[in-house]
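# Working through the structure, step by step
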Amino acid sequence: MDNNLRLQYLDAMGITVWLPRDALRETVEIKKVEDDFPFISEANNWEQLANEVAACTKCGLCATRKNTVFGSGNKTADWLFIGEGPGQHEDEQGLPFVGNAGQLLTEMIRALGLGRDEVYIANIVKCRPPNNRDPHADEVASCHDYLQRQIALVQPKVILAVGRIAAQTLLNTDAPLSKLRGKVHTLDATPLIVVYHPAYLLRSLLEKRKAWQDLQFAMRTLQEQQ
Ligand code: URA
Ligand code: SF4
């Protein structure tokens, strides 16, 4: 008779069996506190993920970074903004989108009637590529699991791919940004909208209008879901 069944019989008969600790661990399913309080396990998952990223050496970018840039904002946000990777200021501060492009992104978020702390902001790669070059395919691949776990934890209602690199990576395509914007794509059943990167808008002010159109489009997409 298997040990568990034997214990159940004995228990039904009112016989208490004292077991060594190890045996107990095998036979009794220990109820974890997380089963009753899922937010505890959620917090653990975030902490675990942040620790893994902070210590990560999975690709060559770890050699030149000052800080990893994990992401910031509301961990249960409806809106998830995903950029390409940290630049100089982000690398120095360990926070996403805090340089010039970041200020413009913050304005864009404000134009939506939201604050930066109401949305979640992350990047495709968590370490700065030297001289702000595009991240290489192997670096993107090494880092991808972290982003996927962030998406799974945030469970956003809409994802905004900010700029060409984020859009092409998330949608697994090499189509140009002009072909990708203005459409509702999906990423694992979550609507994904492609918007111009604010760094590009800083160079090309005339395109700002298009960026605003992209954001309004994202807003309508989110409203249609509700
Ligand atoms: N550009 C990005 O794509 N991400 C940042 O965090 C900053 C600038
Ligand atoms: Fe790790 Fe990503 Fe940084 Fe590469 S870019 S070292 S995979 S955290």
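For the structure itself, consult the block above.
In this report, we go over the structure that sits alongside the text. (Residues numbered from 1 in each chain as written. Chains lettered and ligands numbered in written order. Predicted model: local features only at pLDDT ≥ 70, side-chain atom pairs only at ≥ 80, totals over all residues. Heavy atoms only, no water.)

Turning our eyes to something else, we now look at the site of ligand 2. Around ligand 2, the neighbouring residues are C56, K58, C59, L61, C62, R65, K126, C127, S142, C143 and Y146. The site holding ligand 2 turns out to be the largest cavity. (Near = heavy atom within 4 Å. 1 Å grid on protein atoms, 1.4 Å probe; cavity = no way out; pocket = protein on both sides within 12 Å on 5 of 7 lines; lining within 4 Å. Sits in = over half its atoms within 2 Å of the grid points.)

Turning our attention to the environment of T173. Within the secondary structure layout, T173 lies in the loop between α8 (164-171) and α9 (177-180). Note on T173: relative accessible area 28%, which makes it partly exposed. For T173, the side chain forms a polar contact with the main-chain nitrogen of A175, separated by 2.9 Å. (Helix = DSSP H or I, 4+ residues; strand = E, 2+ residues; numbered from the N terminus. Buried < 20%, exposed > 50% of the residue type's maximum accessible area, 1.4 Å probe, protein only. Polar contact = N/O pair within 3.5 Å; in protein donor to acceptor, adjacent residues only side chain to side chain.)

To continue, consider the site of ligand 1. In the region of ligand 1, the neighbouring residues are G83, E84, G85, E90, P96, F97, N123 and H197. In this structure, an oxygen atom belonging to ligand 1 sits 2.8 Å away from a main-chain N or O atom of E84. With respect to ligand 1, the backbone of F97 contributes an N or O atom lying 3.0 Å from an oxygen atom. Among the cavities detected, the one that contains ligand 1 is the largest pocket. Of the residues belonging to the shell around ligand 1, the class tally is two nonpolar, four polar and two charged. (Nonpolar A, V, L, I, M, F, W, Y, C, P; charged D, E, K, R; others polar.)

Attention shifts here to unusual backbone geometry. Phi is positive for Q155, which is not a glycine, with a value near 50 degrees. Considering the arrangement of structural elements, one finds Q155 in the loop between α7 (137-154) and β4 (158-162). Since its relative accessible area comes to 61%, Q155 is described here as exposed. Backbone geometry at A189 places phi at a positive 75 degrees, although glycine is not the residue there. Along the chain, the position of A189 falls in the loop between β5 (185-187) and β6 (190-195). With relative accessibility at 71%, the residue A189 sits in the exposed group.

Here the focus is the sheet that holds strand β2 (residues 79-83). Within the open sheet, the six strands sit side by side as β1-β3-β2-β4-β6-β5. Their pairing is mixed. Each edge of the open sheet carries a strand with a single partner, namely β1 (72-73) and β5. Sheet strands touched by helix α11 (residues 208-225): β2, β4 and β6. Its angle to β6, the strand with the most contacts, is close to 170 degrees. (Pairing = 2+ DSSP bridges. Contact = heavy atoms within 4.5 Å. Axes fitted to C-alpha atoms, helices over the stretch in contact; angles between N-to-C directions.)

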